[in-house]
Amino acid sequence: MQRWRGLEDIPQDWGRSVVTIGSYDGVHRGHQLIIRHAVDRARELGVPAVVVTFDPHPSEVVRPGSHPPLLAPHHRRAELMADLGVDAVLVLPFTTEFSKLSPADFVVKVLVDKLHAKAAVEGPNFRFGHKAAGDVEFLAEQGKIYDFEVEVVDLYVSGEAGGGQPFSSTLTRRLVTEGDVAGAREILGRPHRVEGVVVRGAQRGRELGFPTANVETLPHTAIPADGVYAGYLHAQGEIMPAAISVGTNPQFDGTERTVEAYAIDRVGLDLYGLHVAVDFLAYVRGQAKFESLEALLEQMAEDVKRCREIVASEA
């Protein structure tokens, strides 16, 4: 799959394509419906399928300080899109200048001049251009002028997550923030993932017999509520069952919020400086301060046992 950063990265000889545009944070099950439809349509027409997305999130430029917690960084979204059959991902730098493009100018500069769209596939509430003035009806009108089809796909899926609310990135972020990683998993179609580089912490886990990878998460990452979770630690090509702690470590009067993953039953791991990923499968318990170190150690052993059982049940 090709990955482009900005319009200038698109090959000069790029031909016709089927395009879908959106933030697509999380590439959740609703997003997957649209992207799969775009890929299927591209195969029918014998042209590539292209996803256009933005960095940073448009809200940060339009309303500084409002950047939402991200469910997946751009490289992860690209991997997920590649798995769906997408041929190219275009990440457009979303600047103040770019935000002022009228819907008509956006169509010409992106869809017509650069991607030579043969079809555009969007959800019913798709908005684009300055002040989000463009919608799917306007896009369809432009398609008649510039010779591309517009297909609207209903992305609304629902299930038990969020009490039956339609699946969305906003709902997923809320569930993650609340610690409902099982609900988030239903929407995403996979466990919520947090990524970052392993850095040196206080090393108390090592001293207590549960050495953890202290993950310095990427900016704007959606981090689950404080507590203990069962999941996986991805490192050096391995997927390891893990007990994951999120919080400030109140037992030792900590103030900095961290994400730490203990690779269950693994000895001698040295992950410092490595980029790792942590998948959250299930919430185990909330963050707590114990009466004694012995009580903490007893609870940690119980947590690891519970996490081992949860991960084993996934096999």
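Residues numbered from 1 in each chain as written. Predicted model: local features only at pLDDT ≥ 70, side-chain atom pairs only at ≥ 80, totals over all residues. Heavy atoms only, no water.

The name given to the protein chain in an unreviewed UniProt entry is Riboflavin biosynthesis protein, and the organism recorded there is Streptomyces collinus. Heading Sequence similarities (unreviewed entry) of the UniProt record for the protein chain holds this comment: "Belongs to the ribF family." Taken verbatim from the UniProt record of the protein chain, the Function (unreviewed entry) comment is "Catalyzes the phosphorylation of riboflavin to FMN followed by the adenylation of FMN to FAD." (UniProt positions renumbered as here; feature names shortened; annotations may be inferred.)

Looking now at helix α1 (residues 29–45). With 17 residues, α1 should reach 24 Å at 1.5 Å per residue; the first-to-last C-alpha distance of 24 Å fits that figure. Of the positions making up α1, those classed as buried are Gly30, His31, Gln32, Ile34, Ile35, Ala38, Val39, Arg41 and Ala42. Positive phi appears at Gly46, one or two residues downstream of α1, with a value of about 70 degrees. (Helix = DSSP H or I, 4+ residues; strand = E, 2+ residues; numbered from the N terminus. Expected span 1.5 Å × (residues − 1). Buried < 20%, exposed > 50% of the residue type's maximum accessible area, 1.4 Å probe, protein only.)

Turning our attention to the pairing of strand β10 (residues 238–247). Moving residue by residue along a regular strand, the side chains alternate between the two faces of the sheet. The pairing of strand β9 (residues 227–235) with β10 spans nine bridges and is antiparallel. Bridging across to β10, Val228 finds its partner in Ser245. Between β9 and β10, which pair antiparallel in sequence order, lie two residues; one of them, Gln236, sits at a positive phi of approximately 50 degrees. The sheet contact formed by β10 and strand β11 (residues 258–263) spans six bridges and is antiparallel. Within β11, the position partnered with Val246 by the bridge is Val259. (Pairing = 2+ DSSP bridges.)

A complete count under the given rule lists 11 aromatic pairs for this structure. Judged by centre distance (5.6 Å) and plane angle (70 degrees), the ring pair of Phe94 and Phe98 falls under edge-to-face. One exposure class covers both Phe94 and Phe98, and it is buried. Look at Tyr229 and Tyr283: their rings are 5.5 Å apart centre to centre, the planes differ by 75 degrees, and that puts the pair in the edge-to-face class. Residue Tyr229 is located in strand β9, and its partner Tyr283 is located in strand β12 (residues 275–285); the two are separated by 54 residues in the primary sequence. Overall, Tyr229 belongs to the buried group, its relative accessible area being 0%. On the basis of relative accessible area, Tyr283 is assigned to the partly exposed category, the value being 43%. Put simply, the rings of Phe54, Phe94, Phe98, Phe106, Phe126, Phe128 and Phe138 touch in pairs and so form one group of aromatic residues. (Phe/Tyr/Trp six-rings, centres within 6.5 Å; stacked < 30°, edge-to-face > 60°.)

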